[in-house]
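Overview (structure and organization)
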Amino acid sequence: MTNANILTLPLYCMHRNTFMNCKIHQMQDRIKSRRETQQKHQKGTRLQHVLDHQLFCFGGLRCRIVNGGNSFSAWPWQVSIQRSEGVHFCGGTLINKNWILTAAHCSVQAGYHQVVLGEHDRGSNDEAVQIKKIAKVIVHPRFNKKNFNNDVALLRLSSPAQITSRVSPVNLVSSSTNIPSGTLCVTTGWGRTATGQGPRILQETTLPIVSTAECKQYWGLTRSITDSMICAGGSGSSSCQGDSGGPLVCDSKGVWYQVGIVSWGTKECLVNAPGVYSRVSFLRQWIDDTVSSVYTLH
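Let me sum up the structure you'll find in this document.

What counts and what doesn't
- Residues numbered from 1 in each chain as written.
- Predicted model: local features only at pLDDT ≥ 70, side-chain atom pairs only at ≥ 80, totals over all residues.
- Heavy atoms only, no water.
- Phe/Tyr/Trp six-rings, centres within 6.5 Å; stacked < 30°, edge-to-face > 60°.
- Buried < 20%, exposed > 50% of the residue type's maximum accessible area, 1.4 Å probe, protein only.
- Lys NZ or Arg CZ within 6 Å of the ring centre and 35° of its normal.
- Salt bridge = Lys/Arg side-chain N within 4 Å of Asp/Glu carboxyl O.
- Helix = DSSP H or I, 4+ residues; strand = E, 2+ residues; numbered from the N terminus.
- Pairing = 2+ DSSP bridges.
- Axes fitted to C-alpha atoms, helices over the stretch in contact; angles between N-to-C directions.
- Contact = heavy atoms within 4.5 Å.
- Polar contact = N/O pair within 3.5 Å; in protein donor to acceptor, adjacent residues only side chain to side chain.

In the structure shown here, the tally under the stated rule is five aromatic pairs. Ring centres of W75 and W77 lie 6.0 Å apart, and the angle between their planes is 55 degrees; this geometry places the pair in the tilted category. Take W77: its relative accessible area is 8%, and that puts it in the buried class. Members of the aromatic cluster, joined through ring pairs, are W75, W77 and W256. The residue whose ring lies beneath R223 is W264, and the NZ or CZ to ring-centre distance is 3.9 Å.

On to the pattern of salt bridges, then. Under the defined criterion, the tally for this structure stands at three salt bridges. Measuring nitrogen to oxygen at the nearest pair gives 2.6 Å for the salt bridge that ties D121 to R200. Placement of the pair is D121 in the loop between β6 (114-117) and β7 (130-139) and R200 in the loop between β10 (184-189) and β11 (203-210), with a sequence separation of 79 residues. By relative accessible area, which is 13% here, D121 ends up buried.

You will see that S107, though not glycine, has its phi angle at about 55 degrees, which is positive. On the secondary structure map, S107 appears in the loop between β5 (99-102) and β6.

The next point concerns the pairing of strand β3 (residues 78-82). By the criterion of burial, β3 is predominantly enclosed, with five of the five residues buried. Residues of β3 alternate between two faces, with Q78, S80 and Q82 on one and V79 and I81 on the opposite face, all of them buried. Where β3 meets strand β4 (residues 88-96), five bridges bridge the pair, whose relative direction is antiparallel. Residue pairing across strands places Q78 opposite T93, the latter belonging to β4. Linking β3 back to β4 in an antiparallel pair, the connection comprises five residues, with G86 at a positive phi of about 95 degrees.

Another aspect to go through is the sheet that holds β5. Strand pairing in a sheet is mediated by backbone hydrogen bonds. Such pairs are either parallel or antiparallel. Judged by pairing direction, the barrel is antiparallel, and its six strands sit side by side in the order β3-β4-β5-β8-β7-β6 before closing back on the first. Pairwise comparison of adjacent strand axes, ignoring direction, gives a mean angle of 40 degrees for this sheet.

With that settled, consider the environment of V210. By the element assignment, V210 lies in strand β11. Taking the C-alpha atoms as reference points, V210 and L184, 26 residues apart in sequence, are found 9.8 Å from one another. With sequence-adjacent residues up to four places away left out, V210 is seen in contact with S181, C215, C231, A232, G233 and P274.

Another aspect to go through is the side chain of Q258. Here Q258 shows up in strand β15 (residues 255-264). By relative accessible area, Q258 is classed as buried at 0%. A polar atom in the side chain of Q258 sits 3.0 Å from the backbone oxygen of G260. In this structure, Q258 is in contact with T93, L101, V170, N171, L172, V173, G246, P247, L248, V249 and V280, ignoring residues within four places of it in sequence.

Set out below in structure tokens:
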């Protein structure tokens, strides 16, 4: 990901009170333009990258997007992690046909929990979903339950996912990627919304990346912001209970890259507070090493 992600703003956007709104509206205009261009070349196709709102989630609790909105179509890497009876409790991301990336604090258990891929409307029986058992759960060895440092886990599916238009892996940012403050990204999930209810339809929202310095300033001495964390939001929407483990993705030249994993935030899911995500670039080496070592053993 490069600085090409940063939008060039008109002068009137430089006023402090209108800066972030201008950025969000400009990104929406860019997405609208991209959608119209795509429709000209692919009749009847809908652009999946609709970024009209914002999401994220907080540690230990099941979370849901507050002040977000229905996604127009399923983000193909988004998965629902459920109990055996089909109750959603965390999100996750397909990173290849055998592996799901999620948060360690979700406490997923092999043999008891399951992964549902290709889902958009959790109340529909007509979707071509794939339900997979979990063969193995690998939690980061330095995951700290108190401050959620290194909040990441990998789930090995019992059988490979079938890659389709509804189910496909996300790209992960490289370990050297630095996401500039103010970059607009998207988070998705089925976590709690402003109504307090869990939504049927997958929710999505647009969030600006918040600098580590600003994030530390907000959280002060109450919580530690470590190198394994990246902050986003505080601009009108938030992840919430049930969104945990889900993705924070950023667009770079038409390709989506996962930069964060929904980790923690305010208990009340305050929309003016930055949410905290596990930083994928910091954790990338562990992810790669773990996946390759398990493949080697098998």
